Amino acid sequence: FRELRNFCEIMRSLGYQRPISMDNFRKPNFELVADILYWLVQRYDPDVDISDDIDDEDDRVHFIKSVAQVFSSKARINLNTRKLYQADGYAVKEILKVASVLYKALNVTQVDEDDGGMMADYNLSSKVSQLKSARGSATEIIESGTKLFDLLGKETELRQAREKALQFLDSISRNLDSNAEQEYIEKCIRDIIAQQEENVDSMEKMVLNLESDEKSLESKIQRRSVELERAETRIKNIRNVRPAFMDEYERLEKQLERLYETYLEKFRNLDYLEHELDMINKTEQEREELYQKELRDVRTKHEQQRIQDMHDDDDDIGRGSFNVGGGSDNQAYGNLAGPDESDSDESGDGLIGSQEGSEEGSGSEEEDLMEGGSSGSDHDF
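This one's a predicted model, so the numbers in the text were calculated from it and none came from an experiment.

1. Some points on the overall build of the protein chain
Now for step 1: Along its length, the protein chain carries 10 helices and 0 strands.
Now for step 2: Walking the protein chain from its N terminus toward its C terminus, one meets helices and strands in the order α-α-α-α-α-α-α-α-α-α.
Now for step 3: Taken over 381 residues, the protein chain has a buried fraction of 15%.
Now for step 4: For the protein chain, the proportion of contacts with a sequence separation of at least 24, taken over those separated by at least 6, is 57%.
Now for step 5: Here the protein chain has roughly 30,500 Å² of accessible surface; of this, 52% comes from carbon and sulfur atoms.

2. Looking at the packing of aromatic side chains
Now for step 1: This model, assessed by the stated rule, comprises 5 aromatic pairs.
Now for step 2: Taken together, a centroid distance of 6.4 Å and an interplanar angle of 35° make the contact between Tyr-260 and Tyr-263 tilted. Of this pair, Tyr-260 and Tyr-263 are both found in helix 9 (residues 246-326), 3 residues apart, which corresponds to roughly one turn of the helix.
Now for step 3: In this structure an aromatic cluster arises from ring pairing among Tyr-260, Tyr-263 and Phe-267.
Now for step 4: Across the ring face of Phe-30, the terminal group of Arg-60 is positioned such that the distance to the ring centre comes to 5.8 Å.

3. Overview of the packing of helix 2 (residues 30-44) against helix 3 (residues 57-74)
Now for step 1: Two elements in contact, helix 2 and helix 3, have axes separated by 11 Å at closest approach and are oriented at 30°. For the element pair helix 2 and helix 3, the recorded crossing hand is left-handed. Of the residues in helix 3, those in contact with Phe-30, Ala-34, Leu-37, Tyr-38, Leu-40, Val-41 and Tyr-44 of helix 2 are Arg-60, Phe-63, Ile-64, Val-67, Val-70, Phe-71 and Lys-74.
Now for step 2: Here the residues of the contact of helix 2 with helix 3 sort into 12 nonpolar, no polar and 2 charged.

4. Some remarks on the nonpolar core
Now for step 1: One finds Phe-7, Met-11, Phe-25, Ile-36, Leu-40 and Phe-71 to be the most contacted residues of the largest nonpolar core, which totals 38 residues.
Now for step 2: Listed by contribution, the elements that provide at least two residues to this core are helix 1 (2-14), helix 2, helix 3 and helix 5 (89-114).
Now for step 3: Leave out the neighbours within four places in its chain, and Phe-71 touches Leu-40, Val-41, Tyr-44, Arg-76, Ile-77, Leu-79 and Val-98.

5. A closer look at the layout of surface pockets
Now for step 1: Roughly 870 Å³ of internal volume is contained in the largest pocket.
Now for step 2: For the lining of the largest pocket, the elements supplying multiple residues, two or more each, are helix 3, helix 6 (124-153) and helix 7 (155-174).
Now for step 3: Take the lining of the largest pocket: its biggest share by element is 8 residues, from helix 3.
Now for step 4: Grouping the constituent residues of the lining of the largest pocket by class yields 8 nonpolar, 8 polar and 10 charged.

6. Focus: the pattern of salt bridges
Now for step 1: Counted under the stated rule, the structure contains 7 salt bridges.
Now for step 2: The residue Arg-159 makes a salt bridge to Glu-155 at a minimum N-O spacing of 3.7 Å. Here the residue Arg-159 and the residue Glu-155 both occupy positions in helix 7, the gap between them amounting to 4 residues, near one helical turn.
Now for step 3: A relative accessible area of 41% places Arg-159 in the partly exposed class.

7. Here we look at helix 1
Now for step 1: Compared with an ideal rise of 1.5 Å per residue, which puts 13 residues at 18 Å, helix 1 spans 18 Å between its outermost C-alpha atoms and is within 8% of the ideal.
Now for step 2: Positive phi shows up at Gly-15, right after helix 1, with a value of about 100°.

8. Details of a negative patch on the surface
Now for step 1: Together, Asp-52, Asp-53, Asp-55, Asp-56 and Asp-58 make up a negatively charged patch on the protein surface.
Now for step 2: Take Asp-56: it is sitting in the loop between helix 2 and helix 3.

Definitions and limits used
Residues numbered from 1 in each chain as written. Predicted model: local features only at pLDDT ≥ 70, side-chain atom pairs only at ≥ 80, totals over all residues. Heavy atoms only, no water. Helix = DSSP H or I, 4+ residues; strand = E, 2+ residues; numbered from the N terminus. Buried < 20%, exposed > 50% of the residue type's maximum accessible area, 1.4 Å probe, protein only. Contact = heavy atoms within 4.5 Å. Areas by Shrake-Rupley, 256 points an atom, 1.4 Å probe, with all protein chains shown as cover. Phe/Tyr/Trp six-rings, centres within 6.5 Å; stacked < 30°, edge-to-face > 60°. Lys NZ or Arg CZ within 6 Å of the ring centre and 35° of its normal. Axes fitted to C-alpha atoms, helices over the stretch in contact; angles between N-to-C directions. Left-handed = near helix turned anticlockwise from the far one by under 90°. Nonpolar A, V, L, I, M, F, W, Y, C, P; charged D, E, K, R; others polar. Core = buried A, V, L, I, M, F, W, Y, C linked by side-chain atoms within 4.5 Å. 1 Å grid on protein atoms, 1.4 Å probe; cavity = no way out; pocket = protein on both sides within 12 Å on 5 of 7 lines; lining within 4 Å. Points joined across faces, edges and corners; volume = space filled by probe spheres on them. Salt bridge = Lys/Arg side-chain N within 4 Å of Asp/Glu carboxyl O. Expected span 1.5 Å × (residues − 1). Patch = residues over 30% accessible without salt bridge, like charges linked within 9 Å, V, L, I, M, F, W, Y side chains within 5 Å. Lys, Arg positive; Asp, Glu negative; His and termini not counted. Charge placed at Lys NZ, Arg CZ, Asp CG, Glu CD.

Quick look at the structure:
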């Protein structure tokens, strides 16, 4: 009685057009229940497309299934389709679930509109609590969405099973005098019990195997712990005992350090000496190249001087022959019969002597240059 009264008041507050009284649901009234459900669906989501054809039995069953599916998927409200199909006071209890949600939403909207100017007066603690609740709601929404996605993926398989179950319930409600359905249910229950007993037996065997494995592992752990204690004791003893070769090792290590220092010192000295030697060789090579260049210049100069002297001697000989023919003193050398051997020898000896003198002069200059260069190089070294 109280639920019927609350339902009538809620529907009146929501704005349902038809008047509803408590006498409407004393007897099954499927048309009124269908009209209320259709109006609630359109009020909750106007975009939902549901057929309101309830002329025959299949149409009524399809209409009840569609309404229950809409509220289950969109509002997470589970409705008992069997009670809705009865269209009596039990159906009012199921419809009241949906009407209460809409009524609460209407009241919340009105309160928000009335208290809209007071939202700025909330303190920081209330905002933090709202933030925490919002995070919790977001997490819950994500989890619900994941579950809903999984369930929708299985909808194709579950739809057939659900339809079979509804048909089975309808057949039971129609044929109350027949025991075939009850025998089928008892058979299914016995099969489930047998399957569960098999599962229990397998679980007991698994528990026994786990217990045996646990005992074996405990024995292994104890054995390993004893071995670990022995190893730790042995390590402590080894650390406390000084090895016999330790003194010799330390002595050899110090000796190795001294030898290494000596090696480094000698290696640095050797590297320095090699560097100095390279610099000396480089300087000597540069001096040798300079000396060879000067020597070539001196030779070239003396060669040019010798050639110039030879030309000068030839010019002197030519002027001498000219004076024999037309000199002012009319002095003649030799006799009228022609040059004899004494004249040719004297003239030849004079020419050869002049050439040898020039060669000896150039040779002496070269020897002086060689001696000066060698003395200079010895002085530099």
